[in-house]
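Now for the letters of each chain:
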Amino acid sequence: DAKTTQPNSMESNEEEPVHLPCNHSTISGTDYIHWYRQLPSQGPEYVIHGLTSNVNNRMASLAIAEDRKSSTLILHRATLRDAAVYYCIRQKGFNAGGTSYGKLTFGQGTILTVHP
Amino acid sequence: EPEVTQTPSHQVTQMGQEVILRCVPISNHLYFYWYRQILGQKVEFLVSFYNNEISEKSEIFDDQFSVERPDGSNFTLKIRSTKLEDSAMYFCASSERLNYNEQFFGPGTRLTVL
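The rules we used
Residues numbered from 1 in each chain as written. Chains lettered and ligands numbered in written order. Predicted model: local features only at pLDDT ≥ 70, side-chain atom pairs only at ≥ 80, totals over all residues. Heavy atoms only, no water. Helix = DSSP H or I, 4+ residues; strand = E, 2+ residues; numbered from the N terminus. Rg over C-alpha atoms; globule rule 2.2 N^0.38 Å. Buried < 20%, exposed > 50% of the residue type's maximum accessible area, 1.4 Å probe, protein only. Contact = heavy atoms within 4.5 Å. Areas by Shrake-Rupley, 256 points an atom, 1.4 Å probe, with all protein chains shown as cover. Lys, Arg positive; Asp, Glu negative; His and termini not counted. Charge placed at Lys NZ, Arg CZ, Asp CG, Glu CD. Pairing = 2+ DSSP bridges. Buried area = accessible area lost by both parts, 1.4 Å probe. Salt bridge = Lys/Arg side-chain N within 4 Å of Asp/Glu carboxyl O. Polar contact = N/O pair within 3.5 Å; in protein donor to acceptor, adjacent residues only side chain to side chain. Nonpolar A, V, L, I, M, F, W, Y, C, P; charged D, E, K, R; others polar. 1 Å grid on protein atoms, 1.4 Å probe; cavity = no way out; pocket = protein on both sides within 12 Å on 5 of 7 lines; lining within 4 Å. Points joined across faces, edges and corners; volume = space filled by probe spheres on them. Disulfide = S-S within 2.5 Å.

Each helix and strand counted, chain A has 0 helices and 9 strands in total. Reading chain A from its N terminus to its C terminus gives the helix and strand order β-β-β-β-β-β-β-β-β. For chain A, whose C-alpha radius of gyration is 14 Å, the value lies close to the compact-globule estimate of 13 Å for 116 residues. Overall size of chain A, expressed as C-alpha extent along the three principal axes, is 45 × 30 × 25 Å. Counting over 116 residues, chain A shows a buried share of 47%. Pairs at least 24 residues apart make up 59% of the contacts formed inside chain A by residues separated by at least 6 positions. Here chain A displays about 5,700 Å² of accessible surface, and carbon together with sulfur accounts for 48% of that area. Across chain A, 10 positive and 10 negative side-chain charges occur, with their mean positions spaced 10 Å apart.

Residues and elements named next belong to chain A. Spatially, the 4 strands line up as an open sheet ordered E2-E7-E6-E5, and their pairing is antiparallel. Bordering the open sheet on either side are strand E2 (18-23) and strand E5 (55-56), each of which pairs with just one other strand. Here strand E6 (residues 61-64) pairs with strand E7 (residues 70-75) via 4 bridges, running antiparallel. Counted as the bridge partner of Ile64 is Ser71 from E7.

In this section: the pairing of strand E4 (residues 45-50) of chain A. Residues and elements named next belong to chain A. A large share of E4 lies buried, amounting to 5 of its 6 residues. Looking at chain direction, strand E3 (residues 31-38) and E4 are connected through 5 bridges and run antiparallel. Looking across to E4, one finds that Trp35 is bridged to Ile48. Here E3 folds back onto E4 in antiparallel fashion, the turn holding 6 residues, of which Ser41 has a positive phi close to 60 degrees.

Residue and element names in this part refer to chain A. Across the two faces of E2 the burial differs, with Val18, Leu20 and Cys22 buried and His19, Pro21 and Asn23 not buried at all. Summarising the sheet, E2 and E7 pair through 6 bridges and their orientation is antiparallel. Looking at the pairing, Pro21 lines up with Thr72 of E7.

All names here are of chain A. Summarising the element assignment, Lys3 is placed in the segment before strand E1 (9-13). Accessibility expressed as a relative area gives 45% for Lys3, which makes it partly exposed. Residue contacts for Lys3: discarding those within four places in its chain leaves Asn23, His24, Thr26 and Arg90.

Before going further, it helps to examine the interface of chain A and chain B. Across the boundary between the two partners, chain A contributes 23 residues, which contact 19 residues of chain B. Both sides together, the interface formed by chain A and chain B hides about 1,900 Å², and carbon and sulfur atoms give 55% of it. Joining chain A to chain B, the criterion identifies 0 salt bridges. At the boundary of chain A and chain B, one finds 4 residue pairs in polar contact (both at pLDDT 80 or more). Those elements giving two or more residues to the side of chain A that touches chain B turn out to be E3, E4 and strand E8 (84-92) of chain A. If you tally residues by element for the side of chain A that touches chain B, the top one is E3(A), at 4 residues. When the residues that make up the side of chain A that touches chain B are grouped by side-chain class, the tally is 9 nonpolar, 13 polar and 1 charged.

Here the largest pocket is characterised by a volume of approximately 570 Å³. In terms of lining, the largest pocket is formed by 21 residues, of which the most central are A:Glu45, A:Tyr46, B:Glu1, B:Phe104 and B:Phe105. In terms of residue count, E4(A) provides more of the lining of the largest pocket than any other element does, 3 residues in total. Along the lines of polarity and charge, the residues of the lining of the largest pocket split into 9 nonpolar, 6 polar and 6 charged.

All chains considered together, the criterion is met by 2 disulfides over all chains. Here A:Cys22 pairs with A:Cys88 through a disulfide, and the sulfurs are 2.0 Å apart. Looking along the S-S bond of the A:Cys22-A:Cys88 disulfide, the torsion reads about -80 degrees, which is the left-handed sense. Taken together, the residues A:Cys22 in strand E2 and A:Cys88 in strand E8 connect sequence positions 66 residues apart. Paired by a disulfide, B:Cys23 and B:Cys92 hold their sulfur atoms 1.9 Å apart. Disulfide B:Cys23-B:Cys92: torsion about the S-S bond near -60 degrees, hence left-handed. One end of the pair, B:Cys23, is in strand E3 (residues 19-24); the other, B:Cys92, is in strand E9 (residues 88-95), with 69 residues separating them in the sequence. For the pair B:Cys23 and B:Cys92, a shared accessibility class is recorded, and that class is buried.

Purely geometric numbers; function is a separate question.
What follows is the structure, given as structure tokens:
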């Protein structure tokens, strides 16, 4: 049980921003929010992660709601290469005293289609 | 840029045969993982490995499965007696740290059991 909810699919046009939502209403205080994506016929690829604050990196931005019950992955300018399945994953923080050992639990993700 | 490599890219085997899937994680990484993805389904965690022992395993990872780090570079997944339902893409991943862990995935090995 991935314990996150994402839309099955979304569409975007090339060079437009894309906002991919994720609901994780039962998140606990030490769970991290990770985003991975999987391009066709490839292994998953790390995109970004965060805990409480919004995060930016060269690939994307992650906006985390103040109550942490939802988050949004933002691709600022979609390219054709961004067409992939995007996974929002909760992961227990090791400092919670838990025994996560890094396990990632993937859901079905959101299939992003980018139109030229 | 360092990357995780996996061999072979495609393995075909007969039911009941043993297979060994090989992975070379990124050299300074300490945590290693195997996942699998049956065609059309989601990616499933199999096992995590740290300090030469299994840290966590899923229900899928039964007695037919084993992992090993035989030397300083390779990380292997062995399936002792393959079943038809073992047909899947198997992904190896590694990470440098446990917390804040960005996992780097390999390209996968497609296992076909006939």
